[in-house]
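Fold and contact review
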Amino acid sequence: MENILNSELFKGINEDEYDKMMVCFHAEFKYYTQNEIVFDFTKGIKKIGIINDGVANLVRIDRKGNRSVLEILKKNDLFGEVVAFSNLGGDSLFIEAATSVKVIYITNESLTKRCENACNHHSRLVENLLGIVTRKTRQLSERLEVLSNRTIRDKLLCYFNILAEKEKSTTFNLPFSLTMLSDYICSDRSAVMRELKNMKDEGLINTEKKTITLI
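Residues numbered from 1 in each chain as written. Predicted model: local features only at pLDDT ≥ 70, side-chain atom pairs only at ≥ 80, totals over all residues. Heavy atoms only, no water.

What to know about unusual backbone geometry
Positive phi outside glycine occurs at C186, with the angle close to 55°. Position of C186 among the secondary structure elements: in the loop between helix 6 (178-184) and helix 7 (189-201). (Helix = DSSP H or I, 4+ residues; strand = E, 2+ residues; numbered from the N terminus.)

Here's what the structure looks like:
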């Protein structure tokens, strides 16, 4: 209970209000094993999912079979058609469990329909949802900024500078593995590893597992 109330969606909502909403919204919990498909955007599922435990990835596979990770979802993160992108151009877009995952589902209609009782906590929930959409838009802007660079080195440096600015430090931890980093910047893993080594040899960065220091 405490974990899910820490979700950005339920900010400002107390336990009693949460219990009433879960009944009203017909919420359901589901469990997924590692690598299992959690949510397929091509199927038009009208629900919002909240990661209650574990890690999942928003994955895109284009028509040529190229795979890229658009977003990494952790505890209390949201996914669904109203907080992500629908399928475009025939690409495959889905949520995949990176670890074992526990998810709570709420229907879109429960969030967006007018509450008959004019509950304050329902209005608060909608406000929180709008805030989440705004945050995800900012994240998309950052991703586009990284991918707009032509070379792997420029993509890496752009992303590293974004992380350094967020941490207000030239030393920071990557939020995911080096393999996931390659997916994030839409580049071949071997080429990324080679470029990281070159950058380290040239004195541009220091690396220690997932810890990066800009020099």
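Re the nonpolar core
By size, the foremost hydrophobic cluster in this structure holds 23 residues, and its most contacted members are L156, Y159, F160 and L181. Sorting the residues of this core by element identifies strand 5 (67-73), helix 5 (152-167), helix 6, helix 7 and strand 11 (211-214) as the ones contributing at least two each. Looking at this core, the element that brings in the most residues is helix 5, giving 7 residues. With sequence-adjacent residues up to four places away left out, Y159 is seen in contact with V146, L174, P175, F176, L181 and Y184. (Core = buried A, V, L, I, M, F, W, Y, C linked by side-chain atoms within 4.5 Å. Buried < 20%, exposed > 50% of the residue type's maximum accessible area, 1.4 Å probe, protein only. Contact = heavy atoms within 4.5 Å.)

A look at the sheet that holds strand 2 (residues 37-40)
Strand order across the open sheet formed by 4 strands is 2-7-4-5, with antiparallel pairing between neighbours. Whereas interior strands pair on both sides, the edge strands pair on one side only; in this sheet they are strand 2 and strand 5. If you compare each strand with its neighbour and ignore which way they point, the axes differ by 25° on average. Bridging between strand 2 and strand 7 (residues 92-97) involves 3 bridges; their strand directions are antiparallel. Each residue of the ladder has a partner; that of D40, found in strand 7, is F94. (Pairing = 2+ DSSP bridges. Axes fitted to C-alpha atoms, helices over the stretch in contact; angles between N-to-C directions.)

Nothing here speaks to function; it is all geometry.
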